[in-house]
Each structure stands twice: as C-alpha cells, then as structure tokens.
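# Understanding the architecture of this molecule
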Amino acid sequence: MKKFACLCVLFIFLLCSACGNTKYHDNKGNAKVDDEVPKTDAVSQNKLTYSNLDSESSMKEVQDILTKAGIQTNYVDTVLGWVTDYNNSMRECPSFSLIGDFVTVDGMTVDYGEYPPMSVQWYKHNNRNYHDVLCRIVAYELNHDNISVGKVIKKEKFDCWDENTSWLSTDGDIFFGREAVEGEHKEYVPFPLLHWSEDMQAEYFTMFNPIKITEQCSEKEMLRAIQEKWREQEISFKEGAFSLITFWTQSSNRIFASHAATLIETDNGYLLFEKTNPQSPYAATKFSSANEVKQYLYNMMNLDYSRYNDQIGTYIILQNDKLL
C-alpha cells in the first residue's frame, strides 16, 4: 500500500501463520469480520482497550504513563500538543468518532474508515495547506533520546525529494513544505508545530530512509539488511521502559519502516502509543502481552492493505533493533 506510501501508513509484525476469522469494529461501533487474519495462541482475549485521547482524563493518564517510563516531559508535552491540535481539527470528521476515556471493544482492530473523507476534513474544513505529522515523526519525537546516530546522511540523500518515487515524500513535505507545480500538485507549507534542528532532521532520515535489498526477500534477510545498514550508520539504542517500534515491508528492491510507534512497559502490561495513519487519529492502546500487540498491529495493517486490494508480503516488526 505504501506507494500510497506518502499518504497512508502501514502496520506490520512477525508472527506465525494459521488463519482464522477476526472481528473488528469501525470507529462508529459497527462490528465487522476479516477472513484473513492469523491467529496467535498467546492472545488471551479478542478485545481492545483504547483511547484517542479526546478527554482530559485520558490525556492525563497517557501523559503520566509516558513520563513515568522516562520520556522527557517536554517531548511528551510537544506530542500531546499535536494530539490536541489534531482532535480539535478532526472531531467532526464523518469517518470516525474520537474516543475520550479508555473504552473496551470486541475485536482486535479499529477501523477509522477511508482516507479521502479525512483528507477533505483536514485540508478543506480547516483551511490547512500542510500535512499533519505522521507516525514516524511522532515516534521519533518520543524516542530520540534513546537513539544514537553516529553517521548521518547528507540532506540531498534524504529519500523525500521526488514526489513520485520517494517513500518519504510526505515526511519531506511536513519538514520542508512543497512548492506548487501547475497541473501536478498544490503548495504545502511545513507543519507549523514541528520545530526540529537540522541535525535532528538528518538523524531522522538516516534512521528511516529505505534500504536496498533483493526482491522477494525473507524475514531473515530483511532483518539482516536493517541491522547491517544501522551498523554502517552507527545507529544504536538504549534499552529502557519505552522503545521504538518499527514495522518493515518491502516494495520491489527496497524495504521501508511503514509504521512506527512507541511501546511502553507498564505495571499491568504494555501501552502502545501511535499516530495510526497520516490523517487518522492518535491512539493509546493497552495490552497484557507482546503477542497481543503483534496481533493488533497485524490486523490494523492487514485492514489497510485489504482496503486497497493489496497484500502485506514479507514483513517484520522491531522493538528498537531486535525482533519483538
């Protein structure tokens, strides 16, 4: 799906492959069924507890969890400011209903709906000519203190400059804006609430630039390619109560972190914090095990792929630089 890659973000994880029916809910509360979702034996329940942080109590709860895990308060405040900006802009979007306090629903997936109505709400109803931040930017804002990038790539090597071929084209629009070209696209200005230094931008694109690989690679080959590239760029991670989650998929001879999130270990299990898609809501979701996190992420990604008549293909999920 990610040649819609500049617009829609995909979700992936490594798990076993038996198939069965999985129920999910759209964000209006309607139950649906997906016939192509692998089962994971360790998933203890077919329910989700989640919030889109559209209430003071859920915002405070998530803020406390993130800061208790060791994420700097100013990073948390920045991201929650983005959440507030998004929710205030998209509360009337017809595709979904924003959830305030945490709720528990049947199924392991939340369907926020088709992308075009969200885009209409974001751009036209709110008179915005910039993209909202996407999952990788949100995850990197929260995790970058735990990530060391020794050898950054030069700005001209950022994979964002060609709208038609760059996997990170939308990322580039968010950071740098885009001039209008008659008959091709309209102008976009940089996201006004994002204030990163040039050094941090370079670290970000070094971290997330696509990696070349043989076509139809295996999961082992994908993991090896990522780890070799990160060693080459001297990328390393500190371990702690929170970690960067990246989900890697393949297109042709390149692999790419199609989705990113932050995973926090809590007293009762895990909290996954993410921007679910470029213009769909933020979500904080509670899990009792890592396998439940995997099941959820596979279901979400599978829903996005199937929406556009595509297949996931080879994929892995990393927690920092190791398989989750």
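Residues numbered from 1 in each chain as written. Predicted model: local features only at pLDDT ≥ 70, side-chain atom pairs only at ≥ 80, totals over all residues. Heavy atoms only, no water.

### Digging into the overall build of the chain
The criterion, for reference: Numbering goes from the N terminus for both helices and strands, where a helix is a DSSP run of H or I of at least four residues and a strand is a run of E of at least two. Think of it in three bands: with a 1.4 Å probe and only protein chains considered, a residue is buried below 20% of the maximum accessible area for its type, exposed above 50%, and partly exposed in between. A contact between two residues is defined here by any heavy atoms of the two lying within 4.5 Å. The accessible surface values rely on the Shrake-Rupley method and a 1.4 Å probe; as for residues, cover is taken only from the protein chains in view.
Helix and strand counts for the chain come out as eight helices and 14 strands. The 324 residues of the chain split such that 58% are buried. Expressed as a percentage of contacts within the chain between residues at least 6 apart in sequence, the contacts between residues at least 24 apart total 71%. Split by element, the accessible area of the chain, about 14,000 Å² in all, is 45% carbon and sulfur.

### What to know about the pattern of salt bridges
Selection rule: Salt bridge, as used here, is a side-chain nitrogen of Lys or Arg placed within 4 Å of a carboxyl oxygen of Asp or Glu.
Inspection of every chain in the model, using the stated rule, returns 18 salt bridges. In this structure, the salt-bridge partner of Glu 163 is Arg 178, at a minimum N-O distance of 3.4 Å. Remark: Arg 178 occurs in the loop between α5 (169–176) and α6 (198–208) and Glu 163 occurs in the loop between β6 (147–149) and α5; sequence separation between them is 15 residues. By relative accessible area, which is 32% here, Glu 163 ends up partly exposed. The salt bridge partner of Lys 322 is Glu 239, with a shortest N-O separation of 3.9 Å. With a gap of 83 residues between them, Lys 322 in strand β14 (residues 322–323) and Glu 239 in the loop between β8 (235–237) and β9 (242–251) connect regions that are remote in the sequence. Accessibility expressed as a relative area gives 48% for Lys 322, which makes it partly exposed. Assessed through its relative accessible area of 57%, Glu 239 is described here as exposed. Salt bridges sharing common partners tie together Asp 111, Glu 114, Asp 304 and Arg 307.

### So, unusual backbone geometry
Positive phi is not limited to glycine here, since Leu 53 has a value of about 60 degrees. For Leu 53, a relative accessible area of 2% corresponds to the buried category. For Ser 252, which is not glycine, the phi torsion reads 55 degrees and is therefore positive. Checked against the element boundaries, Ser 252 lands in the loop between β9 and β10 (254–266).

### Focus on helix α3 (residues 115–125)
Within α3 the residues assigned to the buried category are Tyr 115, Met 118, Ser 119, Gln 121, Trp 122 and Tyr 123. Residues of α3 that are buried in the fold lie against α2 (73–90) and β12 (280–287). Two residues or fewer past α3, Asn 127 is found with a positive phi of approximately 55 degrees.

### Let's talk about the side chain of Gln 201
Topologically, Gln 201 is positioned in helix α6. Gln 201 sits in the buried class, given a relative accessible area of 11%. Apart from residues no more than four positions distant in its own chain, Gln 201 is found in contact with Phe 158, Phe 175, Phe 176 and Trp 196.

### Side note on the confidence of the model for the chain
The condition that has to hold: How sure the predictor is of each residue is captured by pLDDT, a score from 0 to 100.
Per-residue confidence for the chain gives a mean pLDDT of 86; residues scoring 70 or more make up 86%. This stretch, residues 1–24, has a pLDDT under 50; its non-local contacts, to residues over four places away or in other chains, come to 123 contacts. Under a pLDDT of 50 for its full length, residues 29–44 has, in the predicted model, 54 contacts with residues more than four places off or in other chains.

### Some points on the nonpolar core
Stated formally: Buried Ala, Val, Leu, Ile, Met, Phe, Trp, Tyr and Cys residues form a nonpolar core when they are joined through side-chain atoms within 4.5 Å.
In terms of nonpolar packing, the biggest core is built from 93 residues, with Ile 137, Trp 248 and Phe 273 touching the most fellow members. Counting residues per element, this core draws most heavily on α2, which supplies eight residues. Grouped together as the second largest cluster of nonpolar side chains are five residues, Tyr 298, Met 301, Tyr 305 and Tyr 315 included.

### Brief notes about the pairing of β10
The test is simple: Only strands that DSSP links by at least two bridges are regarded as paired with each other.
When you tally the buried positions in β10, you get 11 out of 13 residues, the bulk of the element. As paired elements, strand β7 (residues 211–212) and β10 share two bridges and run antiparallel to each other. Residue pairing for β10: Ile 211 is matched across the bridge by Ile 255. Pairing between β9 and β10: 10 bridges, direction antiparallel. In the strand pairing of β10, Trp 248 is matched with Ala 257. In this sheet, strand β11 (residues 269–277) lies alongside β10 in antiparallel orientation, the contact comprising five bridges. Among the inter-strand pairings, Glu 265 is bridged to a residue of β11, identified as Tyr 270. Between the end of β10 and the start of β11, which pair antiparallel, lie two residues.

### Topic: the packing of aromatic side chains
The cut-off we apply is this: Aromatic contacts are taken between Phe, Tyr and Trp rings whose centres are within 6.5 Å, Trp giving its six-membered ring; a plane angle under 30 degrees counts as stacked, one over 60 as edge-to-face, and the others as tilted. In this scheme, Lys NZ or Arg CZ marks a charge over a ring once it lies within 6 Å of the ring centre and within 35 degrees of the ring normal.
Taken as a whole and assessed by the stated rule, the structure comprises 28 aromatic pairs. Both rings, one in Phe 175 and one in Phe 176, keep their centres 5.9 Å apart while their planes meet at 40 degrees; by these two values the pair is tilted. Every member of this aromatic cluster is reached through a ring pair, and the members are Tyr 140, Phe 158, Trp 161, Phe 175, Phe 176, Trp 196, Tyr 204, Phe 205 and Phe 208. Of note, Arg 128 hangs over the ring of Trp 122, and the distance from its end group to the ring centre comes to 4.5 Å. Just above the ring of Phe 102 sits the side chain of Lys 286; from NZ or CZ to the centre is 4.1 Å.

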